[in-house]
Amino acid sequence: VYAFFYLALPVYQPKAGIVHIFRINAFAMNVIACALGRIVFRMRVASFLDKKEIERKNRQLNDIACRDSMTRLYNHESALEKLGEELRRATRIRYPLSVMMLDIDDFKKINDRYGHMAGDRIIVRIAQILKRTCRATDILCRYGGDEYFIIMPDTQREDAAFLAERIMRSIRSVEFEGGLAVTVSGGISEYKGSAQTAEELMKSADFRLYQAKTRGKNRFEAADGEAAVQTSFF
């Protein structure tokens, strides 16, 4: 634009002195505009980068807030939130959904014998085993204490049972500190439809966990199509 102005100005202004002054003024204004433009551009880039950094920090803070500090699994509150999201998705898309509640057998005895710090290390180790054994689509949560909760989207009860078997096999194959052998027990429940709430589904899995404990531990229990009938898988 300045080049066009520079070349076209003599056509409209015959006085050479005025043309010279206009050209100098226009050049000065273009230099100032260019400098201001660079400043504004840099400010906008810096603002954009700051915004992205703030968003990244916020995502990190949100992730920290929703995860258990010791195991880095989702915490109790996030477990309920994630389960609610998956229930709504399962209802909308009409795909199966199963959940699993499990805990460490005789964990109090382990704490009493080896100490609470050893118990904490076992909890972390079990969480690591779950991360390796479970699928990428599974949502792993630490429900509290030595209890874990797993949400399994697009998974029927039978497939959840196979995953439970892999988990048990993986944990049994690990030798914990002091040569301690650790086992887990759990309960599996499959989503029955929109009439069932997240709390009810979680309570159903917890009830099967209680059954596994009373029937000898080191096992998983699951309900079949009839809620009143329990099937022992292991």
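Here, every reference points to the structure presented above.
Residues numbered from 1 in each chain as written. Predicted model: local features only at pLDDT ≥ 70, side-chain atom pairs only at ≥ 80, totals over all residues. Heavy atoms only, no water.

(A) Representation of the overall build of the chain. Along the backbone of the chain there are 7 helices and 6 strands. In the chain, the succession of α and β elements from N to C terminus is α-α-α-β-α-α-β-β-α-β-α-β-β. The C-alpha atoms of the chain give 32 Å as radius of gyration, which overshoots the globular expectation for 234 residues (17 Å, by more than 25%). Considering only C-alpha atoms, the chain reaches an extent of 105 × 45 × 25 Å along its principal axes. When each of the 234 residues of the chain is scored for burial, the buried share is 39%. Within the structure as shown, the chain displays about 14,000 Å² of accessible surface, and the carbon and sulfur contribution to it stands at 58%. Looking at the chain, you have 37 positive and 30 negative side-chain charges, and the mean spots of the two groups are 10 Å apart. (Helix = DSSP H or I, 4+ residues; strand = E, 2+ residues; numbered from the N terminus. Rg over C-alpha atoms; globule rule 2.2 N^0.38 Å. Buried < 20%, exposed > 50% of the residue type's maximum accessible area, 1.4 Å probe, protein only. Areas by Shrake-Rupley, 256 points an atom, 1.4 Å probe, with all protein chains shown as cover. Lys, Arg positive; Asp, Glu negative; His and termini not counted. Charge placed at Lys NZ, Arg CZ, Asp CG, Glu CD.)

(B) Quick look at the packing of helix α4 (residues 107-114) against helix α5 (residues 116-133). α5 packs onto α4 with a crossing angle of 135 degrees between their chain directions and a minimal axis gap of 7 Å. On the basis of the axis angle, α4 is oblique to α5. Of α5, the residues touching α4 (which contributes F107, I110, N111 and Y114) are H116, A118, G119, I122 and I123. Of the residues in the contact of α4 with α5, the class split is 6 nonpolar, 3 polar and no charged. (Axes fitted to C-alpha atoms, helices over the stretch in contact; angles between N-to-C directions. Parallel < 35°, antiparallel > 145°, perpendicular 65-115°, else oblique. Contact = heavy atoms within 4.5 Å. Nonpolar A, V, L, I, M, F, W, Y, C, P; charged D, E, K, R; others polar.)

(C) Here's a closer look at a nonpolar patch on the surface. Together, M29, I32, L36, I39 and M43 make up a nonpolar patch on the protein surface, roughly 530 Å² of accessible area in all. Along the chain, L36 falls in helix α2 (residues 16-65). (Patch = residues over 30% accessible without salt bridge, like charges linked within 9 Å, V, L, I, M, F, W, Y side chains within 5 Å. Salt bridge = Lys/Arg side-chain N within 4 Å of Asp/Glu carboxyl O.)

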